[in-house]
Amino acid sequence: MTRDDRTRRIVLISTGGTIASRWQGTGYAADAPGDDVLATAALPEGIAVEVVDLFNVNSSRMTTRRQLTLLRTVHETLADPGVDGIVITHGTDTLEETAFLLDLHHDDPRPVVLTGAQRPLGTADGDGPGNLCDALQIAASVRDLGVLIAFDGRVHAARGTVKTQTLGVDAFSDPSDQPLGKVGFSRVHIQRRPDRSLPLPLPPAACAPDDEPEGLPRVDIVTHHSDGDPLLLNAAVAAGAQGVVLVATGAGNATPEIAAAVADAVAGGVLVAVTTRVPAGPVAEIYTGGGAVDLVEAGAVLTGTLRAGQARIAVLAAVLGETDPARRAETLAPLLDGPVRSEPALAAGGSRFSAG
Ligand code: ASP
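The structure displayed is predicted, hence computed values, not measured ones.

Peer 1: Would you take a moment to explain the packing of aromatic side chains for this structure?
Peer 2: Between two aromatic rings, the relevant description is the distance of the centres plus the angle of the planes. Under the defined criterion, the tally for this structure stands at 2 aromatic pairs. With a centroid separation of 5.1 Å and 70 degrees between ring planes, the pair formed by W23 and Y28 is classed as edge-to-face. Exposure remark for W23: the relative accessible area of 51% places this residue in the exposed category. A ring pair is formed by F151 and F172, whose centres lie 5.1 Å apart and whose planes are at 65 degrees; its orientation type is edge-to-face. Of this pair, F151 sits in strand β7 (residues 147-151) while F172 sits in strand β10 (residues 172-173), and the two are 21 residues apart along the sequence. The buried category is assigned to F151, whose relative accessible area is 2%.

Encoded structure:
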């Protein structure tokens, strides 16, 4: 039997989300088991699916503990050489965060494909069945692409992809790049390879018992805005945050007061990363006076084109993977896109940057 004519074994890990949601009398919430979710979808030819019911939550309730349990489950599942790929059904709200955490630790040619739905289970115009069918098709077809997101006929890399529609069925895109490819008519068409960092080893915390959330690091996100001050950043540090993501304005800018607070946080062993509230493009060392030049000088790390949720996941991965706070910035740097420097041409209006 050749690789091409044998049945592919795909494991479907069900975690909840709208794709598993039913009406609860006042609103929708995840409650359907994975078998019920699978039963809605057409099964692509030549695929056998085994269902694992891991959680049943809407993904705004996702936690680091649950994400680490999922990460461990993925690794345990792939320890079976007879498994050809994994599909994970997940709420769309934090799907990009879970996908990126899995991708940063994914060291296997077999694919892990996350999908979900914007419309609940059983709705006549639901998008879940098609997305799930596509995800299964992708999981059975591709290799060496890391962790992927299948949604609305598109194949997205985990890195860089964000939820860009609150209700529309084309829920995901990478505002700074194109999708990897398309899926439809029983075919997967990959147009480009994803940029991926070298995979991290499974963090020790992923192996802790599921009912022990204690000891997991706090990593907070703080957003800058006009009239912003360091109060919330300082509050995060006072609450014991081991990492903070500053969602800056523009290309990564804040104020001299916030830069001073960042310097204090970094001196206290906190890993500080900077992203932007602008939807597309990289953060860059261009401005002083509280800008990215000063934030970097204060010890913060710029996160390239990663947006807040994924920048936080990169910080979390660095904190989980390195116990010495003094070495965490070094651990974080290779997980990010290439840094952008304040070359005169860029400051003068050049628009190109390259991710290293
Ligand atoms: N609130 C839902 C969730 O993230 C949304 C969805 O799944 O689309 O679980």
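Peer 1: Mind showing me how you'd approach the nonpolar core here?
Peer 2: Soluble globular proteins tend to pack their nonpolar side chains together in the buried interior. Judged by nonpolar contacts, the single largest core of 50 residues is most densely connected at V74, I88, L102, V112, L114, V315 and L332. In terms of residues, this core owes the most to one element, helix α8 (residues 308-321), which gives 10 residues. With near-sequence residues (within four places) excluded, V74 lies in contact with I13, I86, I88, L102 and V112. If you look at the next biggest cluster of nonpolar residues, it comprises 27 residues, including A117, V142, L148 and V155.

Peer 1: Sorry if this is basic, but what is going on with the sheet that holds strand β8 (residues 154-157) here?
Peer 2: Two strands in a sheet stick together by hydrogen bonds in their backbones, pointing the same way (parallel) or opposite ways (antiparallel). Spatial ordering of the open sheet is given by β4-β1-β5-β6-β7-β8-β11-β12, a layout of 8 strands whose pairing is mixed. Each edge of the sheet is formed by a strand with only one pairing partner; in this case those strands are β4 (47-57) and β12 (187-190). Here the average twist between neighbouring strands, direction ignored, is 25 degrees. As judged from the 4 bridges shared by β7 and β8, these two strands associate in the antiparallel manner. Paired with A150 across the bridge in β8 is V155. The sheet strands contacting helix α3 (residues 95-104) are β5 (85-89), β6 (112-115) and β7, and the helix crosses β6 at an angle near 175 degrees. Seen against the sheet, helix α4 (residues 128-141) touches β1 (8-16), β4, β5, β6, β7, β8, β11 (181-184) and β12 and runs at an angle of roughly 160 degrees to β5.

Peer 1: Which parts of the structure should I look at to understand the site of the ligand?
Peer 2: Taken together, G17, T18, N58, S59, G91, T92, D93, A117 and Q118 make up all the residues around the ligand. Here an oxygen atom of the ligand and a backbone polar atom of T18 are 2.8 Å apart. At 2.4 Å from an oxygen atom of the ligand is found a side-chain nitrogen or oxygen belonging to T92. Compared with its free state, where it exposes 260 Å², the ligand has 88% of that area covered by protein.

Peer 1: For this particular structure, what's the right way to read the confidence of the model for the protein?
Peer 2: Confidence in the prediction for the protein averages 93 pLDDT; 92% of positions are at 70 or higher. Here residues 338-356 is modelled with pLDDT under 50, and outside its nearest four sequence neighbours on either side it reaches 22 contacts, counting other chains as well.

Cut-offs applied
Residues numbered from 1 in each chain as written. Predicted model: local features only at pLDDT ≥ 70, side-chain atom pairs only at ≥ 80, totals over all residues. Heavy atoms only, no water. Phe/Tyr/Trp six-rings, centres within 6.5 Å; stacked < 30°, edge-to-face > 60°. Buried < 20%, exposed > 50% of the residue type's maximum accessible area, 1.4 Å probe, protein only. Helix = DSSP H or I, 4+ residues; strand = E, 2+ residues; numbered from the N terminus. Core = buried A, V, L, I, M, F, W, Y, C linked by side-chain atoms within 4.5 Å. Contact = heavy atoms within 4.5 Å. Pairing = 2+ DSSP bridges. Axes fitted to C-alpha atoms, helices over the stretch in contact; angles between N-to-C directions. Near = heavy atom within 4 Å. Polar contact = N/O pair within 3.5 Å; in protein donor to acceptor, adjacent residues only side chain to side chain. Areas by Shrake-Rupley, 256 points an atom, 1.4 Å probe, with all protein chains shown as cover. pLDDT = per-residue confidence, 0-100.

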